[in-house]
Amino acid sequence: MRTSHGGTATAAPAGRPDVPPAQPAPPAHVASGVRTRSQHQRRKRIIQAAAALASRGGVEAMQMRTVAERAGVALGTLYRYFPSKMDLVVAVVGEEIDLLESSIERRPPRAATPAGRAVDVLMRATRGLMREPELADALIRSLIMAEVETPFGDRMAGLLLRVSGLTVESADEVQFTLASSVSGVWVQELLEMLRGRRTYEQIQQRIEIVAERLLADFGS
């Protein structure tokens, strides 16, 4: 038996045990927040699965079905997040840049000049990528051949501007072009190291020369 708000006893429907009243649905913003967190976690799991595969077998190992299986998601779900393998490669690169940005926030470069700080950032990125050389090689080569828009160059240029005391918004076209050029030289040098044609010390030497010439007028 259950009692109504007015105190009158009413019979439970035949064949059904007494049940507690239905709980109200959570507010829309709470439900939306839960979905957003879940989606973010799923996306991150997919990216991590793709990076793990690429670090062992290059981009060729990043088969979409294999990534989905490793991430524990349906293949259709994977394609909703990343319509193509190249979109997935771009996301993995974005994750690497996120890690670099976090590192810079924790330990800002302390060199006296913008060129010195730019070299610090690029060599820190080099060390991070070379912990997984197979992944670095796969990502850099794929980005060079990418047919989709990739944020890699612009984000690296933005980082170099930031440690030079500028931002993408405050920099003029010449300053942005110079920062992008330094970043582009670094990518090519990194590829040379991955091919065994450069040592870490040689890359640093060459990046120092380029940064000092191109960023000389950025001020301190």
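Criteria and thresholds
- Counting restarts for each chain: residues are numbered from 1 in the order of the written sequence.
- Given that this is a predicted model, residues contribute local features only at a pLDDT of at least 70 and side-chain atom pairs are listed and counted only at 80 or more, while totals for whole chains, interfaces and linings are drawn from all residues.
- Values reported for side chains reflect all heavy atoms of the structure, with hydrogen atoms and water molecules removed beforehand.
- Secondary structure follows DSSP: runs of H or I at least 4 residues long count as helices, runs of E at least 2 residues long count as strands, and numbering of each begins at the N terminus.
- Burial classes follow relative accessibility: with a 1.4 Å probe on protein chains only, a residue under 20% of its type's maximum area counts as buried, one over 50% as exposed, and anything between as partly exposed.
- UniProt positions are given in the numbering used here, feature names are shortened, and annotations may be inferred rather than shown by experiment.
- To define a nonpolar core, start from buried Ala, Val, Leu, Ile, Met, Phe, Trp, Tyr and Cys residues and group those joined through side-chain atoms within 4.5 Å.
- It only takes one pair of heavy atoms within 4.5 Å for two residues to be counted as in contact.
- We call two N or O atoms a polar contact when they sit within 3.5 Å, provided that within protein one can donate a hydrogen and the other can accept it, with sequence-adjacent residues counted only if both atoms are side-chain atoms.
- Salt bridges are defined by distance alone: a side-chain nitrogen of Lys or Arg within 4 Å of a carboxyl oxygen of Asp or Glu.
- Note: pLDDT gives the predictor's confidence per residue, expressed from 0 to 100.
- Here, axes are lines fitted to C-alpha atoms. For helices the fit covers the stretch in contact, and angles between N-to-C directions go from 0 to 180 degrees.
- Here roughly perpendicular refers to angles of 65 to 115 degrees, roughly parallel to angles under 35, roughly antiparallel to angles over 145, and oblique to all remaining angles.
- Rotating anticlockwise by less than a right angle from the far helix to the near helix defines a left-handed crossing, while the corresponding clockwise rotation defines a right-handed one.
- Note on residue categories: nonpolar means Ala, Val, Leu, Ile, Met, Phe, Trp, Tyr, Cys or Pro, charged means Asp, Glu, Lys or Arg, and polar means any other residue, Gly included.

- An unreviewed UniProt entry annotates the chain as TetR family transcriptional regulator originating from Sphaerisporangium aureirubrum.

### Looking at the overall build of the chain
Next up, step 1: Within the chain one finds nine helices and two strands.
Next up, step 2: Helices and strands in the chain line up, N terminus first, as β-β-α-α-α-α-α-α-α-α-α.
Next up, step 3: Across the 220 residues that make up the chain, the buried fraction comes to 37%.

### A short note on the UniProt feature "DNA-binding region" (unreviewed entry) in the chain
Next up, step 1: Here, the residues flagged by UniProt with the feature "DNA-binding region" (unreviewed entry) are residues 63-82.
Next up, step 2: Across residues 63-82 one finds 75% helix and 0% strand; the C-alpha atoms that close the span lie 12 Å apart.

### Digging into the nonpolar core
Next up, step 1: Counting 58 residues, the largest nonpolar core has Val67 and Trp186 as its most contacted members.
Next up, step 2: Those residues in contact with Val67 that lie beyond four places of it in its chain are Ile46, Ala49, Ala50, Leu53, Met62, Leu78 and Leu88.

### A short note on the side chain of Ser103
Next up, step 1: Position of Ser103 among the secondary structure elements: in helix H4 (residues 85-106).
Next up, step 2: Relative accessible area serves as the criterion here: at 12%, Ser103 is assigned to the buried category.
Next up, step 3: A distance of 3.1 Å separates the side chain of Ser103 from the side chain of Arg124, its partner in a polar contact.

### What to know about the pattern of salt bridges
Next up, step 1: The full count for this structure, using the stated rule, is nine salt bridges.
Next up, step 2: Where Arg124 meets Asp120, a salt bridge forms, and the shortest distance between an N and an O atom there is 2.9 Å. Taken as a pair, Arg124 and Asp120 lie in helix H5 (residues 114-130) at a separation of four residues, close to a single helical turn.
Next up, step 3: Three or more residues joined by partner-sharing salt bridges are found here, namely Asp98, Glu101, Arg155 and Arg162.

### Here we look at the confidence of the model for the chain
Detailed reading of the predicted coordinates is not advisable wherever pLDDT is low.
Next up, step 1: With 80% of its residues at a pLDDT of at least 70, the chain reaches an overall mean of 82.
Next up, step 2: In this model, residues 1-20 is a region of pLDDT below 50 whose contacts with residues beyond four sequence positions or in other chains number 12 contacts.
Next up, step 3: Confidence drops under a pLDDT of 50 for residues 28-32, and excluding neighbours within four residues, the segment shows zero contacts in the predicted structure.

### Section: the packing of H5 against helix H7 (residues 152-163)
Helix packing for two helices is described by the angle between their axes and how far apart those axes are.
Next up, step 1: H7 packs onto H5 with a crossing angle of 140° between their chain directions and a minimal axis gap of 8 Å. One element, H5, and the other, H7, form an angle in the oblique class. Judged by the twist between their axes, the crossing of H5 over H7 is right-handed. Residues Arg117, Ala118, Val121, Leu122 and Ala125 of H5 pack against Met156, Leu160 and Val163 of H7.
Next up, step 2: Tallied by class, residues from the contact of H5 with H7 come to seven nonpolar, no polar and one charged.

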